[in-house]
Amino acid sequence: MRSKLVSAALSGLICLGLGTASVGLAADPPKAKVTYQDHVAPVFRSRCGSCHNPDKQKGGLNLDTYGTAMQGGGSGKVIEPGDPEGSTLLMLVSHKEEPHMPPKSPKIPDAEIELIRQWIEGGALESSGSVATAKAKPKFEFKLDPASLGKPAGTPAMPEDLSTEPFVPQARPSAVVAMAASPWAPLVAVAGHKQVLLYRTTDSHLVGVLPFPEGLIYVLKFSRNGDLLLAGGGRGGQSGLAVAWDVKKGNRVFEVGKEYDIVLAADISPDHGQVVLGGPSKVVRVYNTADGSLAFEMRKHTEWITAAEFSPDGVLLATGDRNNGLVVWESQTGREFHDLRGHATFITDVSWRLDSNVLASSSEDGTVRLWEMENGGNIKTIGAHGGGVTSVRFAKDGRFLTTGRDRAVRLWDANGNKQRDFEPFGDLALEAVMAHDDSKVIAADWSGEIRVWSAKDGRRLANLAVNPAPLASRLQQASQALAAAQGEADSLSRQIAPFQNAVSAAGAAVASAQGKVAAAAQAAGKSASLVHQLDQVRKGKLAAAQEARATLRAAEQLASETAATQAAADAALGRSAPAEKAATEAVTAAKTTTAKALLEATAQDKALAAAAASLENAATPEAAAQAAAELSRRAAKAVESVQALAAAGARQASARQALAQTTAARAAAPQAAAHARALARAAALAVPAARDCVHRADQETAAAEQALADARTALQTATTHLAAVKTEWEQATAAKTAAEKALAEKRTLLDAALARVQALKAEAEALAVEKKRADAARGGLASTARPGS
């Protein structure tokens, strides 16, 4: 949006083109008059002539002649004689304001800027013969420093000692067609008959009445910093204007517009420099607040102007009419920015979101539309109220309020989803605003009823009067209400003691129950500890019993094994003598066999020798052959006899070894048998002892289990008792809580009554002071008038 706006603004404001020619200036500025003809015209022709000449009047500005330069362009005057800082042309070329001129170029030389400044400061003279005219100074410095826009640096403005005497007392309330809330202070302004009523939203007290004798008020707007309050209105078919008051002092600081019909729409720019007006004339007019002059006007609308509001950043201006026309303008030039089409009929209200990027519009067609400013697109359409929407207003957090002909007031979140319906009015709902901290909603209807609700939960907090009674009546009412409130407070104060006694008694019951709970918890803790200890003992006894049984089983197994060993030893002892005899006989037989084998081997050796001799002595081949055959046979026999001898020797050795073993075994058998008998006797003795251990372990385990069972029973009893005393404590605590609640409620009533007493006392005192001041003023006027009567 900003890029589009800047490009549009550049075309509507001054365009200073860079020329190639250089303007010759004296080294020292002349002390004589600085005039248009002699000094400034050459600068304008050199720097500005390409854009602002008679043929090409960019932005409607022609700087070629003195008259056209002083006339200004489409956005109004750009030169204010005697006021360099207030001259738009100088601010733009010196780059103190945007858009900087020349566009997209460096600043023109400082010497030339200084020359233009001296010329304006000297009265913007045409020639050396011209005489400077004094510039009319504004009565009030309205324009703010852009850096200070928004929340004020100090305390937000609140009325200080303003009169609350109705300017026009009314017997009956009238429709509330205009309402506004200060953006930073707890203050709401309500349009009454020829007067504005200022209410403090923290306590709903009337804190000021601002007269508007010019007629009916149709629009109220606080300035963005809350210092000023703007009202627009007048008399239908006769006159209309806008008036601004200083919120603190209540005095009028300016009046703008001399319309020939009522003002239906108005707003003040964020910097206080402009006021926009609209009404039945179908013309949107923007005035300068400094001198009340008309800055520019827009004639696009085809029906009555019904809504107007500057964007919070002061860049744009939105206006709507009763023929569905909705237009966004550049606020500084009046050039059209967006023509927003979508509503079917009467535009009833417009409101900007705080970031100036979203505009909300309401219409008699029953919808609220949200528009984005980058392209002017309709980003959401909400069917807000059947029969027509009468108002829409953004809160600072992005939520917004609507009212409608269906008598409803609704709060919507920032996305356009309904958050809450407030209590419906008895007539058409006309206006709704959010308090400065977004905590309260103030709304009004056609019958003149004004309600204050909590924005959080929708509770009705108070009602405001559109027709407050005269000061004397309100003082009397406040005094009567004070007496009644004091009586109520005294009565409530007397009722406090029984509730305090009930709380004390309940507290004592809770303390007693807490003591019982502590004792029961301690007993239960001890029981639980004992159960844990006995359970550990039981587990130990069980382990001991299991170990005793394992020992018994081991003893029984050992006894069995030693008995078997004894039997084996006895059997071995019985077999040892026969075994030794058999071994001896085997040794004898082996010896005999060995001897025979030796004899056979010797005989074979002799036969072998004889065969060898025969072979050696053989005389013939046949005899040699026979001798060789015999030698071979005898050699085989010799081998066999040797082998038989070796086998017999081995058997003899084996028999001798077996004899030695059986002899050793026979010798050891008695000792082994005796040892086995000793082991068997010892194992047999261990078994009864192990059985006795098992019996004792079983008895101890049974005793431990019985003790554990008894402890668990005691623990159950202690736990049951603890639950009972806890129930008693909970009941006592609940009774104490109920007593404290009852006391708190009674104290709340008492505090509210005392606060009401203080508020009524303060109100009565303030009204008394105000009445005394008013009576004194009237007395002074009477004494002043009496001598001349």
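All values derive from a computational prediction rather than experimental measurement.

**Student:** Go over the sheet that holds strand β14 (residues 316–321), please, and point to the residues and values.
**Tutor:** Read across the sheet, 4 strands follow the order β13-β14-β15-β16 without closing on themselves; strand pairing throughout is antiparallel. The sheet is open, and its two borders are formed by β13 (305–310) and β16 (336–339), each paired with just one other strand. Strand-to-strand twist across the sheet, computed as the mean angle between neighbouring axes with direction ignored, equals 20 degrees.

**Student:** Summarise the packing of helix α2 (residues 36–48) against helix α5 (residues 110–121); cite the residues concerned and give the values.
**Tutor:** Where α2 contacts α5, the two axes come as close as 10 Å, and the packing angle between them is 135 degrees. One element, α2, and the other, α5, form an angle in the oblique class. The way α2 lies across α5 gives a crossing that is left-handed. Of α5, the residues touching α2 (which contributes Tyr-36, His-39, Val-40, Val-43, Phe-44 and Arg-47) are Glu-112, Leu-115, Ile-116 and Trp-119.

**Student:** Break down the sheet that holds strand β20 (residues 378–383) for me, with residues and values.
**Tutor:** As summarised here, the arrangement of the 4 strands in space is β17-β18-β19-β20, forming an open sheet in which the pairing is antiparallel. One side of each edge strand has no neighbouring strand; the edge strands of this open sheet are β17 (347–352) and β20. Strand-to-strand twist across the sheet, computed as the mean angle between neighbouring axes with direction ignored, equals 15 degrees.

**Student:** Account for the pattern of salt bridges, with residues named and values stated.
**Tutor:** For the structure on display, the rule yields 41 salt bridges. Close ionic contact of Arg-252 with Glu-255 constitutes a salt bridge, the shortest N to O distance being 2.9 Å. Residue Arg-252 is classed as partly exposed on the basis of its relative accessible area of 27%. A salt bridge links Asp-421 to Arg-410, with the nearest nitrogen and oxygen atoms 2.6 Å apart. Residue Asp-421 is found in strand β24 (residues 418–421), and its partner Arg-410 is found in strand β23 (residues 409–412); the two are separated by 11 residues along the sequence. What makes Asp-421 partly exposed here is its relative accessible area of 41%. In this structure Arg-410 comes out as buried when scored by relative accessible area, which is 15%. A single network of salt bridges, built from pairs that share partners, joins Glu-259, Arg-285, Glu-297 and Arg-299.

**Student:** Mind laying out the pairing of β16, listing which residues take part and the relevant values?
**Tutor:** The pairing of strand β15 (residues 326–330) with β16 spans 3 bridges and is classified as antiparallel. The partner of Trp-329 across the bridge, within β16, is Glu-336.

**Student:** Can you explain the environment of Ser-269? Please cite residues and give values.
**Tutor:** Along the chain, Ser-269 falls in the loop between β9 (265–268) and β10 (274–278). By relative accessible area, which is 3% here, Ser-269 ends up buried. The spatial distance from the C-alpha of Ser-269 to the C-alpha of Pro-312 is 8.1 Å, given a sequence separation of 43 residues. The residues contacting Ser-269, other than those within four sequence positions of it, are Gln-274 and Phe-310. Within the structure, Ser-269 has its side chain in polar contact with the side chain of Asp-271 (distance 2.6 Å). One polar contact links the side chain of Ser-269 to the main-chain amide nitrogen of Gly-273, over a distance of 3.1 Å.

Conventions used here
Residues numbered from 1 in each chain as written. Predicted model: local features only at pLDDT ≥ 70, side-chain atom pairs only at ≥ 80, totals over all residues. Heavy atoms only, no water. Pairing = 2+ DSSP bridges. Helix = DSSP H or I, 4+ residues; strand = E, 2+ residues; numbered from the N terminus. Axes fitted to C-alpha atoms, helices over the stretch in contact; angles between N-to-C directions. Parallel < 35°, antiparallel > 145°, perpendicular 65-115°, else oblique. Left-handed = near helix turned anticlockwise from the far one by under 90°. Contact = heavy atoms within 4.5 Å. Salt bridge = Lys/Arg side-chain N within 4 Å of Asp/Glu carboxyl O. Buried < 20%, exposed > 50% of the residue type's maximum accessible area, 1.4 Å probe, protein only. Polar contact = N/O pair within 3.5 Å; in protein donor to acceptor, adjacent residues only side chain to side chain.

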